[in-house]
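The primary structure of each chain is shown beneath.
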Amino acid sequence: MKRLTKWLWAPIAAAALLAGCGNQADAKDGKNTVQEILIGTGNQMLNICFIDENGNLTGYDIELLKAIDEKLEDVSFKFETMDFSNLLLSLETNKIDMIAHNMAKNPEREEKFLFNQQPYNAVPLHVVVHEGNTEIQSIDDLNGKKVGLSPTSNAALFFEKYKEEHNFDTELTFITSGPDMLNQLKTGRIDAIFSFPFSVAINNKEADAQQKIVGDELLFTDIFFMFEKTNEELANKVDGAIKELIEDGTVSELLVEWFGEDYSKELID
């Protein structure tokens, strides 16, 4: 089972947190101040960060962050939804303080941004095809096919490298919209995508996506939050809260609620 490497944090100045885009607001006790932390997230990733039937932003990432917010008395979280393709640019230009969108580490991201150290989720990545597809049984059957990828995603980086190493003649189509990705696979404009078991189950139930998983697990990926490069103080605070929520069972409960599986054992070294 492959696993993404954990990296060390870069050193920072504590004052950098206050120099970012967060704002000061009144604390709940009326005596101190809390810093408003603007979190960039999505609204189309089912069970991760999405808008429910009542128009509310929810999902595992969102509900976990609400629990983290309860643990941290000196910060207050506020969410801003945007397309996935805009998240990294918004963080790089200090329009948001952190990203919550099922983000995995890779060298390109780590060069520009800071990840917290404690993963809050761990998900298996698989090849996914239309349920009527019998030609593709594993990743090695993607040679000569057309594959849909989300730009800058860890799956995209993984398969681009795999394609080069195995000399695949595979056409890559980069798609920024989740619904468009589902539609292109369902209508045969692309032959395969990369996804997670919980996503396949949800998409089949909620959107009649007609998907199936083929082949073995490709990666078991640790998932983290992302921060502006110098914002180690905030990352440290989030790490401490995540560890407490793992220990008290909150993370396990949320994982089962949103994914039907408790991956919390994968989060502890």
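Structure first, text after, so check above.
Described in the following lines is the structure provided in the data block. Quick caveat, the model's predicted, so the values are computed rather than measured. (Residues numbered from 1 in each chain as written. Predicted model: local features only at pLDDT ≥ 70, side-chain atom pairs only at ≥ 80, totals over all residues. Heavy atoms only, no water.)

1. Notes on the nonpolar core
Counted only if it meets this: Residues enter a nonpolar core if they are buried and are Ala, Val, Leu, Ile, Met, Phe, Trp, Tyr or Cys, with the set joined through side-chain atoms within 4.5 Å. For the exposure calls, accessible area comes from a 1.4 Å probe over protein chains only, and a residue counts as buried if that area is under 20% of its type's maximum, exposed if over 50%, partly exposed in between.
With 63 residues, the main nonpolar core has I68, V127, F159, F194 and F225 as its most contacted residues. L91, I99, M103 and F115 belong to the second largest nonpolar core, which has 13 residues in total.

2. A closer look at the environment of T93
Test applied: Secondary structure counts use DSSP, requiring at least four H or I residues in a row for a helix and at least two E residues in a row for a strand, with both numbered from the N terminus.
Mapped onto the elements, T93 comes out in the loop between α3 (84-92) and β7 (98-103). Judged by relative accessible area, which is 39%, T93 ranks as partly exposed. Separated by 135 residues in sequence, T93 and E228 place their C-alpha atoms 8.9 Å apart.

3. What about the sheet that holds strand β3 (residues 44-45)?
Note the threshold: The criterion for strand pairing is that DSSP finds at least two bridges linking the strands in question.
Taken together, the three strands give an open sheet; going across it, the order is β3-β4-β5, and neighbouring strands pair in antiparallel fashion. The open sheet has two free edges, formed respectively by β3 and β5 (57-58), since each of these has just one partner strand. Note that β3 and strand β4 (residues 49-51) share two bridges and pair antiparallel. Note that in β4 the partner of Q44 across the bridge is F50.

4. Overview of helix α5 (residues 154-165)
We count it as follows: The length a helix should cover is 1.5 Å for every residue beyond the first.
If you check α5, its first and last C-alpha atoms are 17 Å apart, about what 12 residues at 1.5 Å a residue would give, namely 16 Å. A positive phi of about 55 degrees marks N167, the residue just after α5.

5. Comments concerning the packing of aromatic side chains
Heads up, the rule is: Ring pairs are drawn from Phe, Tyr and Trp, using the six-membered ring of Trp, whenever the two centres fall within 6.5 Å, and their geometry is named by plane angle: stacked under 30 degrees, edge-to-face over 60, tilted for the rest.
The final tally for this structure, using the stated rule, is 12 aromatic pairs. Judged by centre distance (6.1 Å) and plane angle (20 degrees), the ring pair of Y60 and Y120 falls under stacked. Highlighted residues: Y60 in helix α2 (residues 60-71) and Y120 in the loop between β8 (113-115) and β9 (121-130), separated in sequence by 60 residues. With relative accessibility at 0%, the residue Y60 sits in the buried group.

6. Examining the layout of surface pockets
The condition that has to hold: A cavity, in this analysis, means grid points on a 1 Å lattice covering only the protein atoms where a 1.4 Å probe fits yet has no way out; a pocket is instead an open set bounded by protein on both sides within 12 Å along at least five of seven lines, and a residue lines either one if it has an atom within 4 Å of a point. Grid points are joined across faces, edges and corners, and a volume is the space filled by probe spheres set on the points. The residue classification treats Ala, Val, Leu, Ile, Met, Phe, Trp, Tyr, Cys and Pro as nonpolar and Asp, Glu, Lys and Arg as charged. All others, Gly included, are polar.
For the largest pocket, the calculated volume is near 1000 Å³. Every residue lining the largest pocket is counted, 41 residues in all, and those nearest its centre are M45, H101, S150, G178 and M181. Of the residues in the lining of the largest pocket, the class split is 22 nonpolar, 16 polar and three charged.

7. So, the pattern of salt bridges
Between side chains of opposite charge, pairing is possible as soon as their charged atoms come close. The following threshold applies: Criterion for a salt bridge: a side-chain nitrogen of Lys or Arg within 4 Å of a carboxyl oxygen of Asp or Glu.
Summed over the entire model, instances satisfying the criterion amount to nine salt bridges. Of the charged contacts, one joins K71 and E244 as a salt bridge, the two residues approaching to 3.3 Å between their closest N and O atoms. Residue K71 is located in helix α2, and its partner E244 is located in helix α8 (residues 232-247); the two are separated by 173 residues in the primary sequence. The class for K71 is partly exposed, based on a relative accessible area of 36%. Through salt bridges with shared partners, a single network forms among K71, E244 and D248.

8. Focus: the packing of α2 against α8
Which entries qualify depends on this criterion: Only the stretch in contact is used when fitting a helix axis, every axis being a line fitted to C-alpha atoms; angles between N-to-C directions are given from 0 to 180 degrees. Comment on the angle field: the value is read as roughly parallel under 35 degrees, roughly antiparallel over 145, roughly perpendicular from 65 to 115, and oblique elsewhere. The contact rule is simple, with two residues in contact once any of their heavy atoms fall within 4.5 Å.
The geometry of α2 relative to α8 is characterised by a closest axis approach of 9 Å and an angle of 105 degrees between their N-to-C directions. By the angle class used here, α2 and α8 are roughly perpendicular. Side by side, α2 and α8 meet where L64, A67, I68 and K71 of the first sit next to V238, A241, I242, E244 and L245 of the second. For the contact of α2 with α8, a count of residues per class yields seven nonpolar, no polar and two charged.

9. A look at the environment of S252
As for its placement among the helices and strands, S252 is situated in helix α9 (residues 250-259). Judged by its relative accessible area of 19%, S252 falls in the buried class. The residues contacting S252, other than those within four sequence positions of it, are D262 and S264.

10. Here we look at the side chain of S90
Mapped onto the fold, S90 is located in helix α3. Apart from residues no more than four positions distant in its own chain, S90 is found in contact with M82, K95 and I96.

11. Regarding the pairing of strand β2 (residues 33-41)
Among the nine residues in β2, seven count as buried, and that is most of the element. With seven bridges connecting them, β2 and strand β6 (residues 75-81) associate as parallel partners. The residue bridging E36 from the neighbouring strand is S76, located in β6. The pairing of β2 with β7 spans three bridges and is parallel. Counterpart to I39 in the pairing with β7 is M98.

By themselves, these figures tell us nothing about what the structure is for.
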